[in-house]
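This is what each chain is made of:
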Amino acid sequence: MQKCLDILNSFAIPTVIHVMSAHRSPHAVAEFATEAEGRGIELLICAAGGAAHLAGVVAAHTVLPVLGVPMPSKHLGGVDSLYSTVQMPAGIPVATFAIGDAGATNAGIFAAQILSAKDENLRKKLREYKEKLAAGVAEKDNAMQAALKK
């Protein structure tokens, strides 16, 4: 989840970070999710591996947007985490991302996009971020074209 935190920090989005388990600390999860809105939290990002029920349990206890990041797992490589996170019952949505680093990165960007709906400065930073991505692709293409001419 370091990739997610890096993105959130790059956009100067304040974060609250905890380690919790839907199975091992269910009361703490329910309490945190229930109280999040009152604490000024605007969305929740949950990472979990294996049975990966954290995002769903959190979503069951709040009306805030919940973003789920499946983590790679020891035995099934994260496919179990993906299925557990994405297969939510109707009425309990969890926006689910790719397994691992790509998912963590995209969860951070998606969080910024959600928050940017009411923050023009954040929208500007997102536009700049996208421009940097495009510039990086153009740079790689230029290098490829130069290499092909040799």
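Nothing here was measured: the structure is a model prediction, and the numbers come from that model.

What counts as what
- Residues numbered from 1 in each chain as written.
- Predicted model: local features only at pLDDT ≥ 70, side-chain atom pairs only at ≥ 80, totals over all residues.
- Heavy atoms only, no water.
- Buried < 20%, exposed > 50% of the residue type's maximum accessible area, 1.4 Å probe, protein only.
- Helix = DSSP H or I, 4+ residues; strand = E, 2+ residues; numbered from the N terminus.
- Pairing = 2+ DSSP bridges.
- Right-handed = clockwise from strand over helix to strand, strands pointing away.
- Salt bridge = Lys/Arg side-chain N within 4 Å of Asp/Glu carboxyl O.
- Core = buried A, V, L, I, M, F, W, Y, C linked by side-chain atoms within 4.5 Å.
- Contact = heavy atoms within 4.5 Å.

Caption draft 1: Summary view of the pairing of strand S2 (residues 66-70). In terms of residue burial, S2 counts as a mostly covered element, since five of its five residues are buried. Burial of S2 is two-sided: the residues Val66, Gly68 and Pro70 facing one way and the residues Leu67 and Val69 facing the other way are all buried. Of the strand pairs in this sheet, strand S1 (residues 44-48) and S2 are connected by five bridges, and their pairing is parallel. By the bridge assignment, cysteine 46 is partnered in S2 with glycine 68. For the segment spanning S1, helix H3 (residues 54-60) and S2, crossover handedness is right-handed. Pairing of S2 with strand S3 (residues 95-96), which is carried by two bridges, proceeds in the parallel orientation. Paired with glycine 68 across the bridge in S3 is threonine 96. Tracing the backbone out of S2, into helix H4 (residues 79-86) and back to the parallel element S3 gives a crossover that is right-handed.

Caption draft 2: The pattern of salt bridges, seen in detail. Scanning the model with the defined rule gives three salt bridges in all. For glutamate 120, the salt bridge is made with arginine 123, and the minimal N-O distance between the two is 2.5 Å. Placement of the pair is glutamate 120 and arginine 123 together in helix H6 (residues 120-149), with a separation of three residues, close to one helical turn. Classification of glutamate 120 by relative accessible area gives partly exposed; the value is 44%. Owing to a relative accessible area of 26%, arginine 123 belongs among the partly exposed residues under this scheme.

Caption draft 3: Main features of the nonpolar core. The biggest cluster of nonpolar side chains holds 18 residues, and the ones touching the most others in it are Phe11, Ile13, Ala107, Ala112 and Leu122. For this core, the elements supplying multiple residues, two or more each, are helix H1 (2-10), S2, helix H5 (101-115) and H6. Residue contributions to this core peak at six residues, all from H5. Leave out the neighbours within four places in its chain, and isoleucine 13 touches Leu8, Ala112, Leu115 and Leu122. Ranked by size, the runner-up nonpolar core spans 17 residues in total, among them Val29, Ala36, Ile41 and Leu64.

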